[in-house]
Structures are given as C-alpha cells and as structure tokens.
Amino acid sequence: MTLLQVRDCTKQFGGLTAVNKFNLTISPGELVGLIGPNGAGKTTAFNLLTGVYAPTSGTIEFHGQSIAGRRPYQIAQCGISRTFQNIRLFKSLTVLDNVRTATHLHYKPSLLQTVLRGGGFHQAELETERKARELLERFGLSKFENYLAGSLAYGEQRRLEIARALATDPKLLLLDEPAAGMNPQEKIDLMDQINSLRKDFQVTILLIEHDMKVVMGVCERILVLDYGQVIAEGTPQEIRSDPKVIEAYLGDAGAAQQVA
Ligand SMILES: Nc1ncnc2c1ncn2[C@@H]1O[C@H](COP(=O)(O)OP(=O)(O)OP(=O)(O)O)[C@@H](O)[C@H]1O
C-alpha cells in the first residue's frame, strides 16, 4: 500500500527550476529522510506537499487522492502536517494554546452548538484540552503550559512545534530540520523521540535534516536532492558510499565529511 505518491513533480520560479521531476513513494509507517546541499530544493518539495505551492507540472497523491494544488488547510485536513525550518509558533500565545488551536482542525461545532455552548460544546473543549495536555506531557513540556511560547528555549520551541503538528492527528508528518539549533544532547533525545513517536502515534515521517548523524541515525531510507533532482536513494549505508552524493556535497566540506 502506498501513502504518498509523487510523480515527476516540477516547480519553477520564473526561469529557476527549484524542483525538477521529483519522484517519491512512501508506504505507511516509513521514516524517510530528504537531504541535499543548500538550495537543492528540499523545502520547496515540502511546500509542494503541503500546498504552499502548486506544482508547475506533475502529480501528488495522498491515500490515492490527488492533492496537488490544494490549499494548505485542505491538505492538513487530509492528514499531512509539518514543522518549519524557521520555527513558526504563535509566540504570544501560551504553550498550551499553541497545541490546543491545532487540535481544533477536525472539530467543527455547529453554529447552534457554538451559540448555545451546551454540553456537546463543553465536552469537545474539554477533549481538545485533554489531548493538548497529553501531547505536552509526551514532549516534556507540561511544566511550561502557561508560559508564552516565545519565552521557551530554542530546543523546547522545536519540540513544541512537533507536538503542535501531531495535534492534528496526521498520517504523514513532515519535519523540516528538526535538529537545527539543538545541542548534542538535545539531538540524541530528538532521535529517540522521533523513533518512539512514529510507533506511538502510528505516523509516517519524512524529514529534512542537515545533521547527517541524525539523518543516518533515524532514517531507513534516504533521498538526496541536488539542483532540484533526486540523485540518489537508498539506505543510510548506500547513501554514505554513493560517489554522486559525496560529489554533491564537495562544496560543503563539513557536510561531506559527515556523509563519508
Ligand atoms: N519563492 C521562491 N521564489 C524564487 N525562488 C525560490 C523560492 N523558493 C525557493 N527558491 C529557490 O529555489 C531553490 C531551492 O530552494 P529551497 O529553499 O527549496 O532549497 P533547500 O534545499 O531547502 O535549501 P536549504 O537547505 O538552504 O534550506 C533555491 O535556489 C531558492 O533560491
């Protein structure tokens, strides 16, 4: 069974082809990494999958349904959720409210329920609050629930973004550089969390990450983008020894060392 099927997806910005005939197939439960040098087209690929951009050409199917060109909220309702490279929390809302607002995605009270604020309305509100608290607990953020999100340390904000993304009950979770800005211990903890949340939430994960230790440590399969094209795909072992990958990273000495 296929969860996500991307075929020959291309995105052009004027004369620049950011993503070029991108193909990707993901089965339920997989943990897949998307890597590549700066400007390779990784974030654009995420933006195509989440409706920020419509592809110039190509198809994207999720659960067998075409989602290419749908609005971001429609895609979120289908079951794809994401975090961002530059954290995008509601910084002046509390930690709890950041997660609570996301849990509302699938909850649509009728006008009458909202106006009357009867038993059903309160029950649903209690339920979203319970679920939000459970997620905060899961990510070690309970003690901060009444803090403003913007006051959290960087690594905590990254964890809160993941908790918020999970609040929409996604089938596919896209993580854009989850380890960015984290210290070595936070990165180790993050790897454990990614592994266990996949099992506990039965969520399929596609992640972009520059930290090769993290990518190689958690992903079963990795795709490498360079100039918008997939130049390699395989297990961490295969990717590490692929000459095309090493060559693509040659301009980035630090990353090349990590890959090899
Ligand atoms: N909205 C846009 N308009 C014009 N060009 C864009 C736009 N978004 C991305 N690009 C260009 O598309 C190319 C791919 O960018 P993208 O951000 O997808 O790469 P990336 O692999 O995510 O890079 P990084 O690792 O640095 O985040 C780059 O040349 C970038 O400048």
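Residue indices follow the written sequence of each chain, beginning from 1 at its first position. At least 70 in pLDDT is required for a residue's local features to be given in this predicted model, at least 80 for side-chain atom pairs to be given and counted, and no such filter applies to totals for whole chains, interfaces and linings, which use all residues.

**Re the overall build of the protein**
- A tally of regular secondary structure across the protein gives 11 helices and 10 strands.
- Here the protein holds 260 residues, and 37% of them are scored as buried.
- Contacts here follow a simple rule: the backbone-placed C-beta atoms of the two residues must lie within 7 Å. Taking contacts inside the protein between residues at least 6 apart in sequence as the whole, the part at least 24 apart equals 65%. To qualify as a helix, a DSSP run of H or I must reach at least 4 residues; to qualify as a strand, a run of E must reach at least 2; elements of each kind are numbered from the N terminus. Using C-beta atoms placed from the backbone, we call a residue buried if 20 or more other C-beta atoms fall within 10 Å of its own, exposed if 12 or fewer do, and partly exposed for counts in between.

**Side note on the sheet that holds strand S4 (residues 57-62)**
- Read from one edge to the other, the open sheet built from four strands follows the order S2-S1-S4-S5, with strand pairing classed as antiparallel. In the strand order of this sheet, the two ends are held by strand S2 (16-26) and strand S5 (65-66), each with one partner.
- The pairing criterion for strands is at least two bridges between them, as found by DSSP. Bridge count for strand S1 (residues 4-13) against S2 is seven bridges, and the pairing is antiparallel. Note on S2: the bridge partner recorded for Gln-5 is Thr-25.
- On the sheet, helix H1 (residues 42-49) packs against S1, S2 and S4 and is oriented at approximately 65° with respect to S2. Every axis in this analysis is a line fitted to C-alpha atoms, fitted for helices over the stretch in contact. Angles between the N-to-C directions lie between 0 and 180 degrees.

**Considering the site of the ligand**
- Using a C-beta atom placed from the backbone for every residue, we mark a residue as near a molecule or strand if that atom lies within 6 Å of it. Looking at the ligand, the residues that line it are Phe-13, Leu-16, Ala-18, Gly-36, Asn-38, Gly-39, Ala-40, Gly-41, Lys-42, Thr-43, Thr-44 and Gln-85.
- Where the shell around the ligand is concerned, the elements lending two or more residues are S2 and H1.
- The biggest single contributor to the shell around the ligand is H1, with three residues.
- Residues belonging to the shell around the ligand are distributed by class as follows: four nonpolar, seven polar and one charged. Charged residues are taken to be Asp, Glu, Lys and Arg, nonpolar residues to be Ala, Val, Leu, Ile, Met, Phe, Trp, Tyr, Cys and Pro, and polar residues to be all remaining types, Gly included.

**Description of the environment of Leu-172**
- Relative to the helices and strands, Leu-172 is located in strand S7 (residues 172-176).
- The exposure class assigned to Leu-172 is buried, which follows from the 23 C-beta atoms found within 10 Å.
- Once you skip the residues sitting within four places of it in the chain, Leu-172 turns out to touch Leu-3, Leu-4, Gly-79, Ile-80, Thr-204 and Leu-206.

**Quick look at the sheet that holds strand S6 (residues 80-82)**
- A sheet is described by the order of its strands in space; here six strands give the open sequence S6-S7-S8-S3-S9-S10, paired in mixed fashion. Taken across any chain shown, the strands that pair with only one partner, and hence form the sheet edges, are S6 and strand S10 (229-234). Direction aside, neighbouring strands of the sheet carry axes that sit 20° apart on average.
- One ladder, built from three bridges, connects S6 with S7; its direction is parallel. Across the sheet, residue Ser-81 finds its bridge partner in S7, namely Leu-173.

**Focus on the domain arrangement of the protein**
- How far each domain reaches was decided by an automatic or database domain assignment. Splitting the protein by domain gives domain 1 (4-79 + 170-259) and domain 2 (92-164).
- On the side of domain 2, five residues touch domain 1, which itself brings eight residues to the contact.

**Digging into unusual backbone geometry**
- The phi dihedral of His-63 is positive, around 55°, even though this residue is not glycine.
- Examined against the element boundaries, His-63 turns out to sit in the loop between S4 and S5.
- Overall, His-63 belongs to the partly exposed group, with 16 C-beta atoms counted inside 10 Å.
- Its identity is not glycine, yet Asp-169 carries a phi of approximately 55°, on the positive side.

**Some points on the pairing of strand S8 (residues 204-208)**
- Burial of S8 is extensive: five of the five residues sit out of reach of the surface.
- Judged from the five bridges that link them, S7 and S8 form a sheet pairing that is parallel. The residue bridging Leu-173 from the neighbouring strand is Ile-205, located in S8.
- The definition of a right-handed crossover adopted here requires that, viewed with the strands pointing away, the path from the first strand over the helix to the second runs clockwise. Where the polypeptide runs from S7 across helix H7 (residues 184-200) and back to S8, its parallel neighbour, the crossover connection is right-handed.

**Points about helix H3 (residues 95-103)**
- Among the nine residues of H3, seven are classified as buried, and the element is accordingly described as predominantly covered.
- Within the sequence span of H3, burial applies to Val-95, Leu-96, Asn-98, Val-99, Arg-100, Ala-102 and Thr-103.

**So, the pairing of S7**
- Counting buried positions along S7 yields five of five residues, so the element is predominantly enclosed.
- Residues Leu-172, Leu-174 and Asp-176 point to one face of S7 and Leu-173 and Leu-175 to the other, with burial holding for every one of them.

**Structural notes on the nonpolar core**
- For the purposes of this analysis, a nonpolar core is taken to be any set of buried Ala, Val, Leu, Ile, Met, Phe, Trp, Tyr and Cys residues that are connected through C-beta atoms within 7 Å. If you look at the biggest cluster of nonpolar residues, it comprises 65 residues, and the most contacted ones within it are Leu-136, Ala-163 and Val-224.
- No other element matches helix H6 (residues 154-166), which puts five residues into this core.
- Split by domain, the residues of this core number at least three in each of domain 1 (4-79 + 170-259) and domain 2 (92-164).
- Not counting chain neighbours up to four residues away, the residues in contact with Ala-163 comprise Val-99, Leu-135, Leu-136, Arg-138, Phe-139 and Leu-141.

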